[in-house]
Amino acid sequence: FYGYKFKGVYTNKEATIASGADGKPIVGPNGQIIYMRFNYPGTDYTFQPGDAMYEDINHDGNINYMDVVYLGNSNPKLSGGFGPSVSWKNLKISTFFSFRYGYDVINGTKMNTTNMIGFDNQSTAVLSRWKKEGDVTDMPRALIAGGYNYLGSDRYVEDASYIRFRTITARYNVDKKVVAKLKMKSLSGYITAENLFTFTNYLG
């Protein structure tokens, strides 16, 4: 995955002033203050208080393709499973766990329910959005059909590594003496439960 590095929300107008690699404000040729912009061909937007803040990688005061960086990989570094079993007399209990490690996922649900650019239902998380200058939050302001608070960034990339308790099976083998009386070679019954629970930090 590639995109922008999300740095939070511009708390006020002063926070939108562009700064160079030395941390000092960038000054225009006529001494004017330079504010952060989102500038692509056909697009020239000046960030406002409450907007999402993206990292200016090359410190030029402009968020564009030069600021796109590596964010993660959906190919797990390790995946597999294991399944311990126990037996007691005629009863056998078998389990199976599956896992993926080093596994990033784009949380599409979060993208759709926190963008606040349309009229679709939104998550209750947006109740903590920026509303006025001085608000400190990681949720940008609501801006219908405008702004760039929804750009692809690490805000939506999450570590989806997990261990899942996939199945547990209890099998009972009927005693051989009973089976013989029924004139059968074998008889057993089992019950299986699937996808009992998953341990993960992924929010989607």
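Given the structure is predicted, the values throughout are model-derived calculations rather than measurements.

Chemist: So what exactly am I meant to see when it comes to the overall build of the chain here?
Modeler: Summing up its helical and strand segments, the chain has 2 helices and 14 strands in all. Taking 204 residues into account, the globule formula puts the C-alpha radius of gyration at 17 Å, and the chain, at 27 Å, lies well above it. Along the longest, intermediate and shortest principal axes, the C-alpha atoms of the chain span 100 × 35 × 30 Å. A fraction of 66% describes how many contacts in the chain between residues 6 or more apart in sequence connect residues 24 or more apart. As presented, the chain carries roughly 13000 Å² of accessible surface, and 56% of it is formed by carbon and sulfur atoms. Averaged over its 23 positive side-chain charges, the chain has a centre that lies 21 Å from the centre of its 18 negative ones.

Chemist: Which parts of the structure should I look at to understand the environment of Asn149?
Modeler: Residue position: Asn149 is located in the loop between helix H1 (108-113) and strand S12 (157-159). Measuring from C-alpha to C-alpha, the distance between Asn149 and Asn115 comes to 6.8 Å, with 34 residues separating the pair along the chain. Once you skip the residues sitting within four places of it in the chain, Asn149 turns out to touch Gly50, Asp51, Ala52, Tyr54, Pro140, Arg141, Leu143, Arg155 and Tyr156.

Chemist: What is the right way to look at the sheet that holds strand S6 (residues 62-63) in this model?
Modeler: Adjacent strands of a sheet form backbone hydrogen bonds with each other and so pair up, either parallel or antiparallel. The mixed open sheet is built from 3 strands, whose spatial order is S4-S3-S6. Lying at the two open borders of the sheet, with one neighbouring strand each, are strand S4 (43-46) and S6. When strand S3 (residues 37-40) meets S6, the two strands line up parallel, connected through 2 bridges. If you follow Arg37 over to S6, its bridge partner there is Asn62.

Thresholds applied
- Residues numbered from 1 in each chain as written.
- Predicted model: local features only at pLDDT ≥ 70, side-chain atom pairs only at ≥ 80, totals over all residues.
- Heavy atoms only, no water.
- Helix = DSSP H or I, 4+ residues; strand = E, 2+ residues; numbered from the N terminus.
- Rg over C-alpha atoms; globule rule 2.2 N^0.38 Å.
- Contact = heavy atoms within 4.5 Å.
- Areas by Shrake-Rupley, 256 points an atom, 1.4 Å probe, with all protein chains shown as cover.
- Lys, Arg positive; Asp, Glu negative; His and termini not counted.
- Charge placed at Lys NZ, Arg CZ, Asp CG, Glu CD.
- Pairing = 2+ DSSP bridges.

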